[in-house]
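# Chain and residue survey
In case you want the letters, here they are:
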Amino acid sequence: MPRRSPLTGKDGYDLVVVSNRLPVDFTVDDEGHVDWKRSPGGLVTALEPVMQKSDGAWVGWSGAPDLEVDPFDADDMRLVPVTLSATEIERYYEGFSNDTLWPLYHDVIAPPAFHRQWWDAYRRVNQRFADAAAAQAEQGATVWVHDYQLQLVPRMLREQRPDLRIGFFNHIPFPPLELFQQLPWRRQVIDGLLGADLIGFQRAGDASNFIRAVRRLTGYTTRGPIVTVPGAEDRPSRNVRAAAFPISIDSRTFDELARTPEVQARSREIRADLGDPECMMLGVDRLDYTKGIRHRIKAYGEILQDGRIDVEHVTLVQVASPSRENVGAYQELREQVEGLVGRINGEYAEIGHAAIHYLHHSYPPEEMAALYLAADVMLVTSLRDGMNLVAKEYIAARSDDRGVLVLSEFTGAADELAGGALLVNPHDIDGMKDIIVAAANMDVREQRKRMRRLRRRVLADDVSKWSESFLGVLQAMPSRDTPRTHAPSRPTDEAPAEGEGA
């Protein structure tokens, strides 16, 4: 049971956030003592002020197997750890979440695997998260569930606590119906999401994909972004809204960080260490097959081969943060990328001038800000991305109004940043080569015109605005229970999907 809230005096919390991970990292010393420190991230930055104001609770996994920690208070938030076994991490997280849903939701760039044991673990773990959230929520509270690992939680919560106002936000793309239909448990996932009152997506296209899946797989009545979910015998029907709420970053804080003398000095030091090239290009990604790293490096290598740039004047720094190293597809990707980097450096590097500086590390925000400031051209060439916050970090760091953003049209950020970025199709290598060369040669006046336009957008639409917008719409929605006036209609040419995942 939750403790009594010191702010409200209630036996629960008016706002409960549910995400796969808690906003802290746990460490266990040799004697078994557990310690924690706050983990960086846009989500905690966005939600911390809201949580503190409402004295909220945050439910999530500790990040370590079999680690049992009692709920505790941190930064004026109640943190409620959910324990996962090593087997559950393997099947729910590494398996179903990252080897089934992740590739399926990212246009099947890598083939998804469908295993019933993984699905069973996913369902069990989602129930555990739902139970923990239900135990923390005050009567009539708001619960905000996050991301693809927890798509069943809204309905599980609804069944236990129909009094709750439930929101869900999907941080990754939602796939077209033709791809989503491959999932054996497609109907169960749709039903899980429809337990929410408001379902948020990064792009309007993702919300449309979801509505189309609802129409085909359930036959529920839809009117624009509204889905009417039929009620049970003791409950009336209710309306669910699906809409786009593009996420952002804490742009003001990142802008201030990039203006500090230490970061400015480090930026100059980075360029000096690289030999003061005329043009420094930068890629910053998790080492993930969705990020288009191979396509980017291939295009860059061909530009060198064509003689359109040379290593004496231009260099590429590629930061590839380690990611999901226990998943086979990621291990294979690392071998491919590092082999490609080695080949290009072997063919084109000169003494004192590497063609590509490849860094398989993660870096703190101060170092990232310095890298962004040092880079003349930022290359974001994702094959598919829910948003891509790296693009927005680069813009926030450029208070000098310099630099060029080359941005994949398959990122969620492209919807907002098309007016100032150079958009590319990463599958079109020749087209991407032309745009990269154009970015390297762009005159300062054009850079400033574009960057000012980008900065106005990113500094105005920050992560606080995103969270306030979502929660504002959720709170403003009509009563969760609406009178049932008629049975839902079903298109004559579409039958409901039943018995899936058997």
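Predicted, not measured: the structure shown is a model, and the values here were computed from it. Going along each chain's sequence as written, the residues are numbered from 1 onward. Given that the model is predicted, a residue must reach a pLDDT of at least 70 before its local features are reported, and side-chain atom pairs must reach 80 or more before they are shown or counted; all residues, however, enter totals for whole chains, interfaces and linings. Values shown for side chains rest on all heavy atoms present in the structure; no hydrogens or waters enter the calculation.

## Some points on the overall build of the protein
Where helices and strands are cited, they refer to DSSP runs of H or I of at least four residues and of E of at least two residues respectively, numbered from the N terminus. What the protein contains, in helices and strands, is 17 helices and 18 strands. Throughout, radius of gyration means the C-alpha value; the globule benchmark is 2.2 Å times the number of residues raised to the power 0.38. Compactness check: the protein gives a C-alpha radius of gyration of 24 Å against a globular reference of 23 Å for 502 residues, within 12% of the reference. C-alpha extents for the protein along the principal axes are approximately 75 × 60 × 45 Å. The classification of residues rests on relative accessible area computed with a 1.4 Å probe and restricted to protein chains. Under 20% of the type maximum is buried, over 50% is exposed, and intermediate values are partly exposed. Within the span of the protein, comprising 502 residues, buried residues form 56% of the whole. Throughout, a residue-residue contact means that at least one pair of heavy atoms, one from each residue, lies within 4.5 Å. Counting only contacts in the protein whose residues sit at least 6 apart along the sequence, the fraction spanning at least 24 positions is 74%. A total accessible area of about 20,700 Å² is found for the protein, and carbon and sulfur atoms account for 47% of it. Side-chain charges of the protein comprise 59 positive and 75 negative groups, with the mean position of each set lying 7 Å from the other. For every accessible area listed, the method is Shrake-Rupley and the probe measures 1.4 Å; residues are considered covered only by the protein chains on display. None of His or the chain ends enter the tally, which takes Lys and Arg as positive and Asp and Glu as negative. For charged residues, the charge sits on one atom: NZ in Lys, CZ in Arg, CG in Asp, CD in Glu.

## What about the sheet that holds strand β15 (residues 356-359)?
Strand order in the open sheet made by the six strands is β15-β14-β13-β16-β17-β18, with parallel pairing throughout. Looking at strand neighbours, the two that pair on one side only are β15 and β18 (422-424), the edges of this open sheet. Here the average twist between neighbouring strands, direction ignored, is 20 degrees. Two strands form a pair only when DSSP identifies at least two bridges running between them. Judged from the two bridges that link them, strand β13 (residues 279-286) and strand β16 (residues 377-380) form a sheet pairing that is parallel. Residue pairing for β16: Leu282 is matched across the bridge by Met378. Angles here are taken between N-to-C directions and fall from 0 to 180 degrees, while the axes themselves are lines fitted to C-alpha atoms, restricted in helices to the stretch in contact. Contacts from helix α13 (residues 389-397) reach β13, β16 and β17 (404-408) within the one sheet, and its direction differs from that of β17 by about 170 degrees.

## Digging into the confidence of the model for the protein
On a range of 0 to 100, pLDDT expresses the predictor's confidence in each residue. Confidence along the protein averages 90 in pLDDT terms, with 92% of residues attaining 70 or more. Overall, residues 481-502 carries pLDDT values under 50, and its contacts beyond four positions in sequence, including any with other chains, amount to 40 contacts.

## Here's the deal with the domain arrangement of the protein
Throughout, the edges of the domains are those of an automatic or database domain assignment. We note that the domain assignment places domain 1 (13-81 + 132-247 + 464-501) and domain 2 (251-460) within the protein. Tallying the contact residues gives eleven residues for domain 1 and 15 residues for domain 2. Accessible-area loss on putting two parts together, using a 1.4 Å probe and summing over both, is the definition of buried area adopted here. Carbon and sulfur atoms make up 49% of the area that domain 1 and domain 2 hide from each other, which totals about 870 Å². Three residues, Pro173, Arg203 and Ile247, lead the burial of domain 1 against domain 2; their summed loss comes to 59% of the area buried on that side. By salt bridge we mean one thing: a side-chain nitrogen of Lys or Arg within 4 Å of a carboxyl oxygen of Asp or Glu. Taken together, the connections running from domain 1 to domain 2 amount to two salt bridges. Any pair of N or O atoms that falls within 3.5 Å is considered a polar contact. Within protein, one atom must be able to donate a hydrogen and the other to accept it, and sequence-neighbouring residues count only if both atoms are side-chain atoms. Seen at the junction of domain 1 and domain 2, the total is three residue pairs in polar contact (both at pLDDT 80 or more). A per-class count over the side of domain 1 that touches domain 2 returns six nonpolar, two polar and three charged. Each residue receives one of three labels: charged for Asp, Glu, Lys and Arg, nonpolar for Ala, Val, Leu, Ile, Met, Phe, Trp, Tyr, Cys and Pro, and polar for the others, Gly being one of them.

## Remarks on the nonpolar core
Counting 102 residues, the largest nonpolar core has Phe129, Leu157, Leu194 and Phe210 as the members making the most contacts within it. Looking at which element gives the most residues to this core, the answer is helix α3 (residues 116-136), with ten residues. In this structure, this core is formed jointly by two domains, domain 1 (13-81 + 132-247 + 464-501) and domain 2 (251-460), each of which donates at least three residues. Residues within four places of Phe210 in sequence aside, it is in contact with Phe174, Ile190, Leu193, Leu194, Ile199, Phe201 and Ala242. Counting 65 residues, the second largest nonpolar core, distinct from the first, contains Val17, Leu373, Ala413 and Phe470. Residues grouped as a nonpolar core are buried Ala, Val, Leu, Ile, Met, Phe, Trp, Tyr and Cys residues, joined through side-chain atoms within 4.5 Å.

## Concerning the packing of aromatic side chains
Aromatic rings from Phe, Tyr and Trp, taking only the six-membered ring of Trp, are treated as a pair when their centres fall within 6.5 Å; an angle between ring planes under 30 degrees marks them as stacked, one over 60 as edge-to-face, and anything in between as tilted. Tallied over the full model, the rule gives 22 aromatic pairs. With a centroid separation of 5.2 Å and 45 degrees between ring planes, the pair formed by Tyr289 and Tyr330 is classed as tilted. One end of the pair, Tyr289, is in the loop between β13 and α10 (293-306); the other, Tyr330, is in helix α11 (residues 328-348), with 41 residues separating them in the sequence. Residue classification places Tyr289 among the buried residues on the basis of a relative accessible area of 6%. Taking the relative accessible area as the measure of exposure, Tyr330 reaches 2% and is therefore buried. Geometrically, the ring pair formed by Tyr372 and Tyr394 is edge-to-face, given 6.1 Å between the ring centres and 75 degrees between the ring planes. Pair noted here: Tyr372 is in helix α12 (residues 365-374) and Tyr394 is in helix α13, with a separation of 22 residues, a long-range link. Ring pairing ties together the aromatic residues Tyr92, Phe96, Trp119, Tyr122 and Trp185, which thus form one cluster.

## Points about the side chain of Thr411
In this structure, Thr411 sits in the loop between β17 and α14 (413-417). Excluding its chain neighbours within four sequence positions, the residues that come into contact with Thr411 are Arg203, Val380, Ser382, Asp385, Met387 and Asn388.

## Digging into the sheet that holds strand β7 (residues 137-146)
Strand order in the open sheet formed by ten strands is β5-β6-β4-β1-β7-β8-β9-β12-β11-β10, and the pairing between neighbours is mixed. Sheet topology places β5 (72-74) and β10 (221-223) at the edges, where each strand pairs with a single neighbour. Neighbour-to-neighbour, the strand axes of this sheet turn through a mean angle of 25 degrees, independent of strand direction. Judged from the three bridges that link them, strand β8 (residues 165-169) and strand β9 (residues 198-201) form a sheet pairing that is parallel. Bridge pairing links Gly167 to Leu198 in β9.

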